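# Structural overview
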Amino acid sequence: MNTLEVKVSAARLLTPVVRELTLHAVSGRLPAFSSGSHIQLVMPTAEREMRNAYSLACDPADPSAWRIAVRKADPSRGGSAFVHAAIEPGMTLRVTRPANLFALHATARRYVLIAGGIGITPFIAHIAELERRHADFELHYALRGGLSDAYASELQMRLGARFHAYDSATGHATRLDVQRVLAAQPAGAHVYVCGPQSLIEAVRESARALGWPARRVHAEAFAAPAPGAPFTAVLARSGRRIEVPSDRSLLEALEASGVAVPNLCRGGVCGQCATRHLDGAVEHRDHFLGADERATHLMPCVSRACGTTLSLDL
């Protein structure tokens, strides 16, 4: 995947576990992007080169700089720890060009934005775009004060009555009630949710229960691939055998061995890396493939072998 060089012009802690990076072009101008876009950050960690996807948390109308905000995972597979400990202003990094899997629907009557923790990041760009359109929207932000509340203060000041925060640290009475939020919306509203998978599923289930058409529900999640037992990937076309350690995804192992697989989200939601499997049991972990598709394909960014070997049509 083609990459471009950017320079880190600033870095700051938004919370004890969320760090924001500001990126400028090394030469020329940064590519244009639409709200909801993300980039992949290439990170040469001590163990291996990693690529993680991060939403662009900035105004698409400002081409001068990009911002991303990264929550440090505990434990970290290496990517978020690298962002927090190893990246400093002045460094040059490689990133992919922006891709958008979470674009705004053009004709929504109202935009209902629901964020959980670090899932606030794509909404920074969406809010700038919606304000420019003079669109009807509201933001519901489930957070934990002092820990996962990045941008909360500035958003509250900026949005006023359109901003609704739900702080889990202050008790059950302030928790987000997804069904109540959706039930209060007018016909023709669209909901956008980004955050933990549990929040995304809660929004989808509530929308179904209220009779919302699936086309009015939009979700995005960048989940790091969970660890699993090591296995061997057999490439049927060449006979190559590639070892996949417990802490590395199949996609990462393929890339490290020089096997290029198209990808965008690296989290099992976009479908770009779908690969045909030929033999061996698969532990499917994606949120894209249907039951019939899983009989023949897997998503190597998140899925793994259930046994010791897995044969791929590569």
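Look up a bit, the structure's there.
Reference entry: report on the structure contained in this document. Source: prediction; values computed, not measured.

To continue, consider the packing of aromatic side chains. Under the criterion given, the structure shown has four aromatic pairs. On the basis of an interplanar angle of 65 degrees and a centroid distance of 5.8 Å, the ring pair of F102 and F123 is categorised as edge-to-face. Taken as a pair, F102 in the loop between strand 7 (99-100) and strand 8 (111-116) and F123 in helix 2 (residues 121-133) lie far apart in primary sequence, 21 residues in all. Residue F102 is classed as buried on the basis of its relative accessible area, which comes to 2%. A cation over a ring is seen here: R216 above W212, with NZ or CZ 4.3 Å from the ring centre.

Within the element layout of this structure, H218 appears in strand 12 (residues 217-220). Exposure remark for H218: the relative accessible area of 17% places this residue in the buried category. It is 24 Å that separates the C-alpha atoms of H218 and T174, two residues lying 44 residues apart in sequence. Here the side chain of H218 touches H190 through a polar contact of 2.8 Å, side chain to side chain. Reaching out from H218, the side chain makes a polar contact with the backbone oxygen of R215 at a distance of 3.4 Å.

Next up on the list: the pattern of salt bridges. Per the counting criterion, the structure on display carries 14 salt bridges. For D59, the salt bridge is made with R132, and the minimal N-O distance between the two is 2.9 Å. With D59 in the loop between strand 4 (49-55) and strand 5 (66-71) and R132 in helix 2, the pair connects residues that are 73 residues apart, well separated along the chain. Residue E131 pairs with R158 through a salt bridge whose shortest N-O separation is 2.6 Å. Residue E131 is located in helix 2, and its partner R158 is located in helix 3 (residues 152-159); the two are separated by 27 residues in the primary sequence. The class of E131 is partly exposed, set by a relative accessible area of 25%. The class for R158 is partly exposed, based on a relative accessible area of 40%. Through salt bridges that share partners, D59, E129, R132 and R133 make up one connected network.

What counts as what
Residues numbered from 1 in each chain as written. Predicted model: local features only at pLDDT ≥ 70, side-chain atom pairs only at ≥ 80, totals over all residues. Heavy atoms only, no water. Phe/Tyr/Trp six-rings, centres within 6.5 Å; stacked < 30°, edge-to-face > 60°. Helix = DSSP H or I, 4+ residues; strand = E, 2+ residues; numbered from the N terminus. Buried < 20%, exposed > 50% of the residue type's maximum accessible area, 1.4 Å probe, protein only. Lys NZ or Arg CZ within 6 Å of the ring centre and 35° of its normal. Polar contact = N/O pair within 3.5 Å; in protein donor to acceptor, adjacent residues only side chain to side chain. Salt bridge = Lys/Arg side-chain N within 4 Å of Asp/Glu carboxyl O.

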